Amino acid sequence: MRYFIEFAYNGTAYHGWQLQPNAPTVQQTLTEAISTLLRQPIELVGAGRTDAGVHAKQMFAHFDYDLPFDSAALIQKMNSFLPPDIVVYQFHSVDAEAHARFDATYRTYEYHMHLFKDAFVHPLSYYHHRPLDIALMNQAAQILFEYEDFECFSKTHTDVFTFNCTIYKAVWTQTNDNQLIFTVSANRFLRNMVRAIVGTLINVGLHKITLDDFRAIIESKDRGKAGFSVPGKGLFLTKVGYPYL
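Source: prediction; values computed, not measured. Position numbers for residues start from 1 in each chain and track the written sequence from start to end. Only residues with pLDDT of at least 70 are given local features in this predicted model, and only at 80 or more are side-chain atom pairs given and counted; all residues enter the totals for whole chains, interfaces and linings. Water and hydrogen atoms were dropped before computing side-chain values, which therefore reflect all heavy atoms in the structure.

Colleague: What should I look at first to understand the packing of helix α4 (residues 193–205) against helix α5 (residues 211–220) in this one?
Modeller: Geometry of a packed helix pair, given as the angle between the helix axes and the separation of the axes. An axis is simply a line fitted to the C-alpha atoms; with a helix, the fit covers only the stretch in contact. Between two such axes, the angle follows the N-to-C directions and lies from 0 to 180 degrees. Runs of H or I in DSSP of at least four residues are treated as helices and runs of E of at least two as strands, each being numbered from the N terminus. Where α4 contacts α5, the axes come no closer than 10 Å and their chain directions differ by 155°. Taken as axis vectors, α4 and α5 run roughly antiparallel relative to one another. Pair α4 / α5 crosses with right-handed handedness. Here Thr200, Leu201 and Val204 of α4 lie close against α5, whose contacting residues are Leu211, Phe214 and Ile217. Basically, the charged four are Asp, Glu, Lys and Arg, the nonpolar ten are Ala, Val, Leu, Ile, Met, Phe, Trp, Tyr, Cys and Pro, and anything else, Gly included, counts as polar. A breakdown of the residues in the contact of α4 with α5 according to their chemical character gives 5 nonpolar, 1 polar and no charged. By definition in this entry, angles of less than 35 degrees are roughly parallel, angles greater than 145 are roughly antiparallel, angles of 65 to 115 are roughly perpendicular, and the rest are oblique. By convention the crossing between two helices is left-handed if the near helix lies anticlockwise of the far one by an angle smaller than a right angle, and right-handed if it lies clockwise. The criterion used for residue contact is that any of the two residues' heavy atoms lie within 4.5 Å.

Colleague: Help me understand the packing of aromatic side chains, please; the structure alone is not making it clear to me.
Modeller: Two aromatic rings from Phe, Tyr or Trp, using only the six-membered ring of Trp, form a pair when their centres are within 6.5 Å; if the ring planes differ by under 30 degrees the pair is stacked, by over 60 it is edge-to-face, and anything between is tilted. Within the structure shown, the criterion is met by 17 aromatic pairs. A centroid spacing of 4.9 Å and a plane angle of 35° characterise the contact between Trp172 and Phe182, whose relative ring orientation is tilted. In this pair, Trp172 is assigned in strand β7 (residues 167–174) and Phe182 in strand β8 (residues 179–186), connecting sequence segments 10 residues apart. For each residue, the accessible area found with a 1.4 Å probe, counting protein chains only, is set against the maximum for its type, and the residue is called buried under 20%, exposed over 50%, and partly exposed in between. Judged by its relative accessible area of 3%, Trp172 falls in the buried class. Under the relative-accessibility criterion, Phe182 is labelled buried at 1%. Taking the ring centre of Phe236 as reference, the NZ or CZ of Lys57 above it sits at 5.1 Å. Here, a charge over a ring is recorded when the distance from Lys NZ or Arg CZ to the ring centre is within 6 Å and its angle to the ring normal is within 35 degrees.

Colleague: Can you walk me through the UniProt feature "domain: Pseudouridine synthase I TruA alpha/beta" (unreviewed entry) in the protein in this structure?
Modeller: UniProt positions are given in the numbering used here, feature names are shortened, and annotations may be inferred rather than shown by experiment. If you check UniProt for "domain: Pseudouridine synthase I TruA alpha/beta" (unreviewed entry), the listed places come out as residues 148–243 in our numbering. Helix makes up 24% of residues 148–243 and strand 24%, and the two end C-alpha atoms of the span are 23 Å apart.

Colleague: Hey, could you run me through the domain arrangement of the protein in this one?
Modeller: Often, the extent of an interface is quoted as the loss of accessible area on bringing the components together. Each domain's limits were defined by an automated method or a database of domain assignments. Each assigned domain of the protein is listed with its residue range as follows: domain 1 (2–94) and domain 2 (106–241). Defined here as a combined quantity, buried area equals the accessible surface (1.4 Å probe) lost by two parts on assembly, summed across both. Of the roughly 1,200 Å² buried where domain 1 meets domain 2, counting both sides, 50% is carbon and sulfur surface. When the area that domain 1 buries against domain 2 is broken down by residue, the three leading residues are His55, Lys57 and Gln58, summing to 44%. Within this document, salt bridges are pairs made up of a side-chain nitrogen of Lys or Arg and a carboxyl oxygen of Asp or Glu, the two lying within 4 Å of each other. Where domain 1 touches domain 2, the interface holds 3 salt bridges. In this structure, Arg195 engages Asp51 in a salt bridge whose closest nitrogen and oxygen atoms are separated by 3.7 Å. Think of a polar contact as two N or O atoms within 3.5 Å of one another; within protein, one of them needs to be a possible hydrogen donor and the other a possible acceptor, and neighboring residues in sequence only count if both atoms come from side chains. Summed over the shared surface of domain 1 and domain 2, the result is 8 residue pairs in polar contact (both at pLDDT 80 or more). Residues that form the side of domain 1 that touches domain 2 fall into these classes: 6 nonpolar, 6 polar and 3 charged.

Here it is in C-alpha cells:
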C-alpha cells in the first residue's frame, strides 16, 4: 500500500530536504526514523526539495508499506523518536499510483522579513533595516502574472526540462510594524526561484530598479541580471496542494 506522510520541519540544522553525502538532511533523518520504527527499509519520495536552512510548515512524502499499522500510534512514536525540529502530523492512505511530487497541483511559499532588529525572530526571518516601498514591490509582484518563463530567477546549471511556471499568487503583506511577508503560489518552482524573486523585489522597494527594469530582467532570462538571493532562513514552504487530499 502507498501512504503519504504529512510533516513539518525547521530547516536551520539541515542541508535541505534531499539526501546528500556527509551532510544532515531532513529526508535522511525522517527515513531513518520511519525505517527503524516499521522495521524495514523505507524509501521516502518528497513533494519537492528545499534548500539548506529553508523550512516547511507543510510537507509531504510518499512511501510503500504492505503491513497494517496504527496511524495514531506511529505518529506518537515518530514524534518521540525524531529530533525536536521535525514533526509528523498525519499518514494518508492513497492510491498505489499517487505521487507526492508529480501529483502536487500547487505549492505556496512565504518569505519572512523583519524591519527592525529583533533578537527573537532573527533565526527564522531576514532582517532588512533599510526603508522599502512596499506598494511599489506589490506592483512589481503583479508583473509576475504576465510571464511563464522564469529562467532569470533560477539557479544556474540546473538540470530542468523547462523554466516555465504558472504563478497563482504573489503579494507582500505587512502584518505589524516589524513583520513583512511575501506569499507566492505556483504550480511549480525552480531552484532558488523564490529567494531570487524576493531579492529582486527588494531592489524595486529600494528604488534601485524600476518596474520596467523588473520586466526587462524577466525577459532577459539571465540570472545575472536579477537581484541577490535572500537568506534561506526566512523561507517557508507553507502548503502543498493535491486533488485527493
